Amino acid sequence: MAARTLYDKLWDDHVVRDAGDGTALLYIDRHLLHEVTSPQAFEGLRMAGRSPWRLDANLAVADHNVPTLGLEHGITDPVSRVQVETLDQNCADFGIEEFRMGDPRQGIVHVIGPEQGATLPGMTVVCGDSHTSTHGAFGALAYGIGTSEVEHVLATQCLQQKKARNLLIQVDGVLAAGVSAKDLALAVIAKIGTAGGTGCAIEFGGEAVRGLSMEGRMTLCNMAIEAGARVGLVAVDDVTLGYLAGRPFSPVGEQWDRAVTAWSELHSDPEAQFDRVVKLDGGAVAPQVSWGTSPELVVAVTDRVPDPAAEPDPSRSEAMQRALDYMGLKAGTPIVEIAPDIVFIGSCTNSRIEDLRAAAEIVRGRQVAPGIKQALVVPGSGLIKRQAESEGLDRLFMDAGFEWRSPGCSMCLAMNEDPLEPGQRCASTSNRNFEGRQGVGGRTHLVSPAMAAAAAIAGHFVDSREF
Amino acid sequence: MEAFTEFESVVVPLDRVNVDTDAIIPKQFLKSIKRSGFGKNLFDEWRYLDIGEPDQACSGRPLNRDFVLNQPRYQGAGILLARDNFGCGSSREHAVWALADYGIRVVIAPSFADIFFNNCFKNGVLPIMLAGALVDELFIEVNGTPGYGLKVDLRARQILGPGGRIIPFDVDDHNRHRLLHGLDDIALTLEHAEEIRAYEAQRRDRAPWLFRGVN
Ligand code: SF4
């Protein structure tokens, strides 16, 4: 057989029916659901008198609207409450497994899938959420879908898909100490732009990617969507297997052995042809800070806020100026002179145990600067929260002046009670810095957990390599 | 789904790159469990001067008169002319529901984000990709011509402009067919239920660990 990329293999393996017009019907192994994009899908099923095709492929969790404080009082916002209750009801009615609020396994959908071993190599994984690309870190074909497709998967266990092109992002070299997968993700977006991966499945390869933990690989694949690609992928290796062994949904015994044999194929063949290859020197990546309202508007912490006047493309120049106005920044300002009001460590990009450890290491024995109005840590799941507490990370954070919250999406998009106020500036480990994303008028700077923690201590951005 | 064959309307220009789905429909409106009623909150933060809340009547809210959608010459527009990477960001189909509910049936741009592009076809909205230079031209014409309208003919894959101008566009056969006939995707897929079952059976043999209850 001709040499194939990892994406080609995953695709071929899931074709139920090739329509012959460039699209295929793909089988879906895992469907993750959350409360925001599923109610209309369940309603659609009911209206058409249909039932789910295969219950055990589905796993549901509430995350976006979940409060991170005072869980015992439930959700106070009635509109948010109805949405979560609707998910509970739908899952109960149709017989879909759900981790409800209060269950220690509850958390952000893209954190709990891998944590449970519900995301496995070789799977197709979909969810009504664009950051489903996260799960590609396991060598799974994972992508976000809209609500109509959620309904379609529920009813048919399949999706009609058009095959994407293959893009390899090869990161050679070794990341410097204090530089993380988040910095790499932002550096990739800075290089190829937020539309750079449109129509593509991105495979991340090279020494620097192989050197990442599963947490780091998830961070990288998580932000593939910010580079325009629905799919991010990393080949399966021992790091993948080490992470998955013993997880609740992972196979055991003879099944595990069979699975490991099957998974050993999940890499691109050496001679596989990619439609495009982009190379980066991992050793040259510096900690990144976004300064604008699109993830591609990002520079190294050692840089200054760019000047729109220096941008030749008028449409881009105008967008840069609009971003500066919105962000309340002046061209030429050194990044290290920007002082956030709020620090947020959390989201499906950076709320895993390794992220919390990296941030905790920085705050250990130090104090949040007086200028910081609020510093939040929101673990990605109840199990991560427990793990962190067993390591004493919660004390490190709280002693330094951080708030230690319960799991959920929280300030990443602020559908719960954790929004920014208009004009507030946030150092955030989340993935989107769009206007209003973290609250109407809120200003987001995307950074790594170490960079966010360091900014909280210093009161302004500082280079995490030197902190 | 409502079928789409031809559509003629005034064009409204939105001259920004990277318009994201958070801008198209801000998060607070995603709390709705319905599919309808999002049109009044389309581009909420750009359209109104106050902060919008879900379930709020919008008729009395202060309008941002500078925003194109609020300008008298673009009232009733059903074709949106946009820039690169339109619809980037989240997978929220609410963005398309908001556009459709407002009355937008066609979006023309040099490029679209993948998930948004896909979501459009599920809701009877036609996204049309045209070359950047052509979109530049259209922006100039729309801005310079009050009441500028276009007619989109999906059957012929053509946009008809003033003065007999014809702009051909590409749309893949699969999506075109579904849109022209307003087909129900799920019903179409279920026609292949036997094939899905057969696939599932061999998958269960090859990878039983993907099916719960095997451990
Ligand atoms: S953490 Fe943020 S990006 Fe991730 S699923 Fe939640 S809202 Fe979406």
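Source: prediction; values computed, not measured.

**Here we look at the overall build of chain B**
Here's step 1: The number of helices and strands found in chain B is eight helices and seven strands.
Here's step 2: Expressed along its principal axes, the backbone C-alpha trace of chain B runs to roughly 65 × 45 × 25 Å.
Here's step 3: Going through the 215 residues of chain B one by one, you find that 58% of them count as buried.
Here's step 4: Considering only contacts within chain B whose residues lie at least 6 apart along the sequence, 65% involve residues at least 24 apart.

**Describing the sheet that holds strand β12 (residues 276–281) of chain A**
Residues and elements named next belong to chain A.
Here's step 1: Pairing in this open sheet of four strands is parallel, and the strands run β11-β10-β9-β12 from one edge to the other. Lying at the two open borders of the sheet, with one neighbouring strand each, are β11 (231–233) and β12. Averaged over all adjacent pairs, the angle separating strand axes in this sheet is 20 degrees, with direction ignored.
Here's step 2: Here strand β10 (residues 200–205) pairs with β11 via three bridges, running parallel. Bridge pairing in β11 places E203 opposite L233.

**Quick word on the sheet that holds strand β15 (residues 342–345) of chain A**
Adjacent strands of a sheet pair through backbone hydrogen bonds, lying either parallel or antiparallel.
Residue and element names in this part refer to chain A.
Here's step 1: Judged by pairing direction, the sheet is parallel, and its five strands sit side by side in the order β17-β16-β15-β18-β19 without closing on themselves. Looking along the sheet, the strands with just one partner apiece sit at the ends: β17 (403–404) and β19 (443–446).
Here's step 2: One ladder, built from four bridges, connects β15 with strand β16 (residues 374–377); its direction is parallel. Following the sheet pairing, I345 is matched in β16 by V377.
Here's step 3: Strands in contact with helix α11 (residues 314–327) are β18 (425–428) and β19; relative to β19, the strand with the most contacts, it is inclined by about 110 degrees.

**A closer look at helix α14 (residues 393–400) of chain A**
Residues and elements named next belong to chain A.
Here's step 1: Within the sequence span of α14, burial applies to L393, D394, L396, F397 and A400. All buried residues of α14 lie within an arc of 160 degrees about the axis, which places them on one face of the element.
Here's step 2: Against the buried residues of α14 lie β15, α12 (353–363), β16, α13 (382–390) and β17.
Here's step 3: Directly beyond the C-terminal end of α14, a positive phi value near 110 degrees is found at G401.

**Digging into the site of the ligand**
All names here are of chain A.
Here's step 1: Taken together, H64, H110, D129, H131, S347, C348, C409, C412, L413, N431 and R437 make up the full set of residues adjacent to the ligand.
Here's step 2: Spatially, the ligand is embedded in the largest cavity.
Here's step 3: Considered class by class, the residues forming the shell around the ligand number four nonpolar, five polar and two charged.

**A word on the interface of chain B and chain A**
Here's step 1: The interface is formed by 57 residues belonging to chain B together with 83 residues belonging to chain A.
Here's step 2: Here chain B and chain A share an interface that buries about 6,000 Å² over both sides, 55% of which is from carbon and sulfur atoms.
Here's step 3: In terms of surface lost to chain A, no three residues of chain B exceed K31, W209 and R212 of chain B, which account for 13% of the buried area on that side.
Here's step 4: Linking chain B with chain A are nine salt bridges.
Here's step 5: Here R437 of chain A ties to D22 of chain B by a salt bridge, and the two come within 3.1 Å at their closest N and O atoms.
Here's step 6: Summed over the shared surface of chain B and chain A, the number is 36 residue pairs in polar contact (both at pLDDT 80 or more).
Here's step 7: Among the elements that line the side of chain B that touches chain A, the one with the most residues is helix α8 (residues 193–206) of chain B, at nine residues.
Here's step 8: Class assignment of the residues belonging to the side of chain B that touches chain A gives a composition of 19 nonpolar, 15 polar and 23 charged.

**Side note on the layout of surface pockets**
A probe matching the size of a water molecule, rolled over the atoms, marks out where space remains unfilled.
Here's step 1: Taken as a whole, the largest pocket holds about 960 Å³ of empty space.
Here's step 2: The wall of the largest pocket is formed by 37 residues, among which K162 and G199 of chain A together with D114, F117 and M129 of chain B lie closest to the centre.
Here's step 3: Within the residue set of the lining of the largest pocket, elements represented by two or more residues are α1 (6–14), β2 (23–27), β7 (141–144) and β8 (158–162) of chain A together with α4 (114–121), β4 (126–129) and α6 (173–181) of chain B.
Here's step 4: The greatest single-element share of the lining of the largest pocket, amounting to four residues, is contributed by α4 of chain B.
Here's step 5: Across the lining of the largest pocket, the residue classes break down as 16 nonpolar, eleven polar and ten charged.

**Quick word on the pairing of β10 of chain A**
All names here are of chain A.
Here's step 1: Across the six residues that make up β10, a large majority, six, are buried.
Here's step 2: Along β10, one buried face is formed by C200, I202 and F204 and the opposite face, lined by A201, E203 and G205, is buried too.
Here's step 3: The pairing of strand β9 (residues 165–172) with β10 spans six bridges and is parallel. Within the sheet, the bridge partner assigned to L168 lies in β10 and is E203.
Here's step 4: Where the polypeptide runs from β9 across helix α6 (residues 181–192) and back to β10, its parallel neighbour, the crossover connection is right-handed.

**Considering the packing of aromatic side chains**
Here's step 1: Going through the model one piece at a time under the given rule, you end up with 18 aromatic pairs over all chains.
Here's step 2: Between F397 of chain A and F402 of chain A, the aromatic rings sit 5.4 Å apart at their centres with planes inclined by 70 degrees, giving edge-to-face as the arrangement. The same class applies to F397 of chain A as to F402 of chain A, namely buried.
Here's step 3: Centre to centre, the rings of F112 of chain B and F116 of chain B are 6.3 Å apart; their planes meet at 10 degrees, and the pair counts as stacked.

**Observations regarding the pattern of salt bridges**
Here's step 1: With the rule as written, the count across this model stands at 47 salt bridges over all chains.
Here's step 2: Between R50 of chain A and D184 of chain B there is a salt bridge whose closest N-O contact spans 3.2 Å. Of this pair, R50 of chain A sits in the loop between α2 (39–48) and β4 (58–61) while D184 of chain B is found in the loop between α6 and α7 (185–190), placing the two residues in two different chains.
Here's step 3: Between D341 of chain A and K373 of chain A there is a salt bridge, with the nearest N and O atoms lying 3.0 Å from each other. Linking D341 of chain A in the loop between α11 and β15 with K373 of chain A in the loop between α12 and β16, this pair joins segments that are 32 residues apart in sequence.
Here's step 4: The exposure class assigned to D341 of chain A is buried, which follows from its relative accessible area of 16%.

**A few points about unusual backbone geometry**
Residues and elements named next belong to chain B.
Here's step 1: Unlike most non-glycine residues, D55 shows phi in positive territory, near 65 degrees.
Here's step 2: Within the fold, D55 resides in the loop between α2 (44–47) and β2 (79–81).
Here's step 3: With a phi close to 55 degrees, R157 is a non-glycine residue in the positive phi region.
Here's step 4: Take R157: it is sitting in the loop between β5 (149–153) and β6 (158–161).

**Focus: the environment of I186 of chain B**
Here's step 1: Looking at the secondary structure, you find I186 of chain B in helix α7.
Here's step 2: Accessibility expressed as a relative area gives 4% for I186 of chain B, which makes it buried.
Here's step 3: Each C-alpha atom, one on I186 of chain B and one on Y102 of chain B, is 26 Å from the other, the two residues being 84 residues apart in sequence.
Here's step 4: If near-sequence neighbours (up to four positions away) are discounted, I186 of chain B is found in contact with R50, E151, H152, A155 and T156 of chain A.

The rules behind each value
- Residues numbered from 1 in each chain as written.
- Chains lettered and ligands numbered in written order.
- Predicted model: local features only at pLDDT ≥ 70, side-chain atom pairs only at ≥ 80, totals over all residues.
- Heavy atoms only, no water.
- Helix = DSSP H or I, 4+ residues; strand = E, 2+ residues; numbered from the N terminus.
- Buried < 20%, exposed > 50% of the residue type's maximum accessible area, 1.4 Å probe, protein only.
- Contact = heavy atoms within 4.5 Å.
- Pairing = 2+ DSSP bridges.
- Axes fitted to C-alpha atoms, helices over the stretch in contact; angles between N-to-C directions.
- Arc of directions from axis to C-beta.
- Near = heavy atom within 4 Å.
- 1 Å grid on protein atoms, 1.4 Å probe; cavity = no way out; pocket = protein on both sides within 12 Å on 5 of 7 lines; lining within 4 Å.
- Sits in = over half its atoms within 2 Å of the grid points.
- Nonpolar A, V, L, I, M, F, W, Y, C, P; charged D, E, K, R; others polar.
- Buried area = accessible area lost by both parts, 1.4 Å probe.
- Salt bridge = Lys/Arg side-chain N within 4 Å of Asp/Glu carboxyl O.
- Polar contact = N/O pair within 3.5 Å; in protein donor to acceptor, adjacent residues only side chain to side chain.
- Points joined across faces, edges and corners; volume = space filled by probe spheres on them.
- Right-handed = clockwise from strand over helix to strand, strands pointing away.
- Phe/Tyr/Trp six-rings, centres within 6.5 Å; stacked < 30°, edge-to-face > 60°.

Read these as geometric descriptors, not functional statements.
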